[in-house]
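One letter stands for each residue in the lines below.
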Amino acid sequence: MSQSSNQYQMKIDQLREQLGYDFVSLAFAQSASDGFVITWQFASGNLNNRYKRIVLQSGKGIAGLVFKTGKPMLVSNVKEELSPQDLFNDYPIIISERLNSLAAIPLYQLDRVEGVLLAGFREGKTVTKNNFRQLYDSLKGQFGDFRIKESTFR
Amino acid sequence: MIQPSAKVTTELLLKMYEKSSDAILFFDENNNVIAMNEAALSIIDPGMLTQIGSGESNSFCFTCRGYTSDDELMSCLNCYLSNSTKDFSSFQVFLETKDRGVIPYSANFQEIEVESGIRVLMLRDLTNQLLTQESLNRNTMMKSIIKAQEDERKRISRELHDSVAQEILSSLVDLRVLKYLNVQDDALQKIQQTEASLTRLLDQIRNLSVELRPASLDDLGLEAAFRSHFKWVQKNYGVIVHFTAELNGVRFNSEIETVVYRICQESLLNALKYADVDEVSVRLFESEQMLEMLVMDQGEGFNVNMRDPKGTGLGLYGMKERAELVNGELTITSEIGKGTTVHLQIPTGTASSNRKWQASE
């Protein structure tokens, strides 16, 4: 486990450096005995450790939504696209990491969503469709043992 | 009755005309202003004054924005200047003032000389009165809204907890029984899936019920309700709440407990939203005849006096209103860069509230 966790940490550090994101994080679902809750397990460029304590139910939060729908999520401008009420109630990670623009991608294993990769900017830069594409290209459809479906990027 | 001499009366009337804070204007039969006192001069725009001076008919209409009729807030229909049959001894009128914009006045319009058609308009600034009225209305309204919301939440939460959740629980038990019957493997698998999704549904309903209004608040009291709420906060927002409870399970009447719970919830929410902190501390304790709560963070803080809040600004207002519902006092101290403290004090009259609690047990 420690080896693979090192591997994930390295991967997201790399990704952040290569593409210039402010924050990159990785969420996984817990086992059935933990009620399938979703937690952010790795982060790069985090402001604090709040992400570690956040526990999401399926369908809640960015990771929860991506898990449930199996589709990526692109929010180019948080302030314009999400109402402040929703923002606070449903997306704690955006608040705690002060994200202003983000993309989240489902990671597949055997046609099931097993993880969520989140990349975002704080002030200034925004994630455009191009960035999104670039993110996919740089991952080459693969993230560790996970597959990234190209169809999700259209 | 004292009969004042004519001389004294004229003198006094003149003084009143000059010094009065009510604006007094005289109109001739053509609705031209023929005289006005200092107070009127101080409110009416100089530009309008020249027009009034020019003797143009109905020039006062440039200043007047209409009066309040049965149908409209500001109306010119059947206006006091043109309609002499209607009673205008007391009405509300809006004027365009020199430097304060459109302001409501309480007005009185009377004919004082029938043959020459001279009439007098007296105006008294209504702004303060209206403001008082408005805030009184708002306060009453706020209180009933809070109460209605709380009652409704309680009802729905109870309903979810007592009937919906119970029904699901009994179906779950039935499903579990099914597993031990002689069923085929594929059926068994389906049953297990259904069991898992029902369990999740039950969880969600319970969460919903607790979010609406925790049953533990009524059944077990503030401390228990706080503990589960803080756990929830940590899970949802990753913020740790350090809770110091010094009540030792003392109970208060349900109204007070609700207020404390909601104010704590709101202050915490504010800290989570705006303070940008990892930790918040909450202390709940009793002092002489008082139930007190402190919610402290060491986050960004804000300027308490600034009337430009982040968010809607209704939160703080609602907290104060809630505190007032139980004669409590809410003090919010905050300094930019140093953090915020919310201090709530509610007089309990400890003895009586304890007795009430015991009686209801």
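About the thresholds
- Residues numbered from 1 in each chain as written.
- Chains lettered and ligands numbered in written order.
- Predicted model: local features only at pLDDT ≥ 70, side-chain atom pairs only at ≥ 80, totals over all residues.
- Heavy atoms only, no water.
- UniProt positions renumbered as here; feature names shortened; annotations may be inferred.
- Core = buried A, V, L, I, M, F, W, Y, C linked by side-chain atoms within 4.5 Å.
- Buried < 20%, exposed > 50% of the residue type's maximum accessible area, 1.4 Å probe, protein only.
- Helix = DSSP H or I, 4+ residues; strand = E, 2+ residues; numbered from the N terminus.
- Expected span 1.5 Å × (residues − 1).
- Bend = angle between axes of the 7 residues up to and from the residue.
- Phe/Tyr/Trp six-rings, centres within 6.5 Å; stacked < 30°, edge-to-face > 60°.
- Lys NZ or Arg CZ within 6 Å of the ring centre and 35° of its normal.
- Pairing = 2+ DSSP bridges.
- Axes fitted to C-alpha atoms, helices over the stretch in contact; angles between N-to-C directions.
- Contact = heavy atoms within 4.5 Å.

Within an unreviewed UniProt entry, the label attached to chain B reads Sensor histidine kinase, and the organism entered is Paenibacillus vini. Quoted verbatim from the Subcellular location (unreviewed entry) field of UniProt, the annotation for chain B is "Cytoplasm". We quote the UniProt Catalytic activity (unreviewed entry) comment for chain B here in full: "ATP + protein L-histidine = ADP + protein N-phospho-L-histidine."

The name given to chain A in an unreviewed UniProt entry is GAF domain-containing protein, and the organism recorded there is Paenibacillus vini.

Novice: Whenever I open this one, the nonpolar core confuses me. Can you help?
Specialist: A general trend in soluble globular proteins is that nonpolar side chains are found buried together. With 37 residues, the main nonpolar core has B:L222, B:F226, B:V260 and B:M293 as its most contacted residues. Elements with a minimum of two residues in this core: helix 7 (222–237), helix 8 (254–275), strand 8 (279–287), strand 9 (290–297), helix 9 (314–325), strand 10 (329–335) and strand 11 (339–347) of chain B. The element best represented in this core is helix 8 of chain B, accounting for 10 residues. Core analysis: the next-biggest nonpolar cluster, separate from the first, contains 27 residues, A:M73, A:V78, A:L87 and A:L99 among them.

Novice: I would appreciate a short explanation of helix 4 (residues 127–179) of chain B in the present structure.
Specialist: All names here are of chain B. If you check helix 4, its first and last C-alpha atoms are 74 Å apart, about what 53 residues at 1.5 Å a residue would give, namely 78 Å. In the structure, helix 4 departs most strongly from a straight axis at L160, where the bend amounts to approximately 30°. Every buried residue belonging to helix 4 is among M142, I146, E150, S157, L160, A165, I168, L172 and L175, and all of these are buried.

Novice: Could you clarify how one ought to interpret the packing of aromatic side chains in this entry?
Specialist: A ring pair, where both rings are aromatic, is described by two values, the distance of the centres and the angle of the planes. Evaluated as defined, the whole model comprises 21 aromatic pairs over all chains. Note on B:W232 and B:Y237: the rings are 6.0 Å apart at their centroids and 80° apart in plane angle, and the pair reads as edge-to-face. When the ring centre of A:F143 is taken as reference, the NZ or CZ atom of A:K11 above it lies at 5.9 Å.

Novice: Got a minute to help me understand the sheet that holds strand 9 of chain B in this structure?
Specialist: As a general point, the strands of a sheet are linked pairwise by backbone hydrogen bonds and lie either parallel or antiparallel. Residue and element names in this part refer to chain B. Strand order in the open sheet formed by five strands is 7-8-9-11-10, with mixed pairing between adjacent strands. Both edges of this open sheet fall to strand 7 (240–245) and strand 10, since each of them pairs with a single strand only. When strand polarity is set aside, the average angle formed by the axes of neighbouring strands in this sheet is 10°. Of the strand pairs in this sheet, strand 10 and strand 11 are connected by seven bridges, and their pairing is antiparallel. By the bridge assignment, L330 is partnered in strand 11 with L344. Across the face of the sheet, helix 7 comes into contact with strand 7, strand 8 and strand 9 while running at roughly 170° to strand 7. In this fold helix 8 packs onto strand 7, strand 8, strand 9, strand 10 and strand 11, with an angle of close to 10° to the strand it touches most, strand 9.

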